[in-house]
Amino acid sequence: MSEQQQAFKKALGNYPTGVTVVTTLNENHEPLGLTVNSFASVSLDPLLILWSIDKKSKSYNEFMKTKKFAVNILASEQQELCNLFSSKIEDRFSQCKWQESEQRLPILNDTLSVLECETIQQIDAGDHTILIGHVFNIENTEKEPLLYHRRNVGPIPEEFYKIEAK
């Protein structure tokens, strides 16, 4: 790895993000999912989001074929789901609670939010592909988010909300 690549990883590893698990069904109607922190909003009108997938990901080809996916935004107590969907375990869905939505997407139970999306664009971006989705269904709960920072995951520290603006 070059010096610039190492500096890049250090800079972005120090940027806290939320944690999601993106899910879909493959051609055989089997659920697929992976932990993703490269997720962002794009537009309010229309409702668009994006996420990126590594071209070396085992599920890359299946996500490139899918017409829709769900972004499961993890709640603060769902570190195990983050670890499960970033692991090499083959049948991840047998290890967690989930259900199929009315839109025929695998949805993880008890998450902070779920955004069900139609894939509208795929953009080649170096060693990743960016997927842009049009959000067609949203579910929210009153929970706190799970965060990723410096290769660690956890809840927002309580002290964060106690800091007074100056």
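Look above for the structure.
The structure reproduced in this document is the subject of the present report. (Residues numbered from 1 in each chain as written. Predicted model: local features only at pLDDT ≥ 70, side-chain atom pairs only at ≥ 80, totals over all residues. Heavy atoms only, no water.)

### A word on the overall build of the protein chain
Across its full length, the protein chain carries three helices and twelve strands. Taking 15 Å as the expected radius of gyration for a compact globule of 166 residues, we find that the protein chain reaches 16 Å, a close match to that expectation. Considered along the principal axes of its C-alpha atoms, the protein chain spans approximately 50 × 40 × 35 Å. Counting every position in the protein chain, which comprises 166 residues, the buried fraction comes to 37%. A separation threshold of at least 6 residues defines the contact pool for the protein chain, and within that pool the share at least 24 residues apart is 62%. When the accessible surface of the protein chain is summed, it comes to about 10,800 Å², and 50% of that surface belongs to carbon and sulfur atoms. Charge separation in the protein chain, taken as the distance between the mean sites of 17 positive and 23 negative side-chain charges, equals 7 Å. (Helix = DSSP H or I, 4+ residues; strand = E, 2+ residues; numbered from the N terminus. Rg over C-alpha atoms; globule rule 2.2 N^0.38 Å. Buried < 20%, exposed > 50% of the residue type's maximum accessible area, 1.4 Å probe, protein only. Contact = heavy atoms within 4.5 Å. Areas by Shrake-Rupley, 256 points an atom, 1.4 Å probe, with all protein chains shown as cover. Lys, Arg positive; Asp, Glu negative; His and termini not counted. Charge placed at Lys NZ, Arg CZ, Asp CG, Glu CD.)

### Here we look at a nonpolar patch on the surface
Taken together, the side chains of Phe8, Leu12 and Tyr15 present a nonpolar region at the surface, about 370 Å² in accessible area. Since its relative accessible area comes to 54%, Phe8 is described here as exposed. (Patch = residues over 30% accessible without salt bridge, like charges linked within 9 Å, V, L, I, M, F, W, Y side chains within 5 Å. Salt bridge = Lys/Arg side-chain N within 4 Å of Asp/Glu carboxyl O.)

### Some remarks on the sheet that holds strand E9 (residues 113-125)
Here we have seven strands laid out as an open sheet, ordered E3-E2-E6-E9-E10-E5-E4, and antiparallel in their pairing. Where the open sheet ends on each side, the last strands, each with one partner, are strand E3 (31-36) and strand E4 (39-44). Along the sheet, successive strands turn relative to each other by an average axial angle of 35 degrees, direction set aside. Strand direction decides the pairing type here: strand E5 (residues 47-54) and strand E10 (residues 128-140), joined by seven bridges, are antiparallel. The residue bridging Ser52 from the neighbouring strand is Ile130, located in E10. (Pairing = 2+ DSSP bridges. Axes fitted to C-alpha atoms, helices over the stretch in contact; angles between N-to-C directions.)

### Considerations on the sheet that holds strand E1 (residues 17-18)
The strands making up a sheet are joined through hydrogen bonds of the backbone, oriented either antiparallel or parallel. The strand order across the open sheet formed by three strands is E1-E11-E12, and the pairing between neighbours is antiparallel. Because the sheet does not close on itself, it has two edges, and the strands there are E1 and strand E12 (152-155). Sheet topology places E1 next to strand E11 (residues 146-149); two bridges connect them, and they run antiparallel. Residue pairing for E11: Thr17 is matched across the bridge by Tyr148.

### Quick notes on the side chain of Thr66
Within the secondary structure, Thr66 is located in the loop between helix H2 (60-65) and strand E6 (68-73). A relative accessible area of 10% places Thr66 in the buried class. At a separation of 2.7 Å, a polar atom in the side chain of Thr66 contacts the main-chain carbonyl oxygen of Lys68. Beyond its immediate chain neighbours, meaning those up to four positions away, Thr66 contacts Thr24, Leu25 and Thr119. (Polar contact = N/O pair within 3.5 Å; in protein donor to acceptor, adjacent residues only side chain to side chain.)

### A look at the pattern of salt bridges
Inspection of every chain in the model, using the stated rule, returns five salt bridges. Here Glu27 makes a salt bridge to Lys65, at a shortest N to O gap of 3.9 Å. Taken as a pair, Glu27 in the loop between strand E2 (20-25) and E3 and Lys65 in helix H2 lie far apart in primary sequence, 38 residues in all. Among the salt bridges present, the one from Asp124 reaches Lys55, with a minimum N-O distance of 2.2 Å. Here Lys55 lies in the loop between E5 and H2 and Asp124 lies in strand E9, a separation of 69 residues in the sequence. Taking relative accessible area as the criterion, Lys55 reaches 31% and is therefore assigned partly exposed.

### Here's the deal with the environment of Ile73
On the secondary structure map, Ile73 appears in strand E6. Once the C-alpha coordinates of Ile73 and Asn140 are considered, the two residues, 67 residues apart in sequence, prove to be 9.4 Å apart. Setting aside residues no more than four positions away along its own chain, Ile73 makes contact with Val19, Thr20, Phe39, Thr111, Leu112, Ser113 and Leu115.

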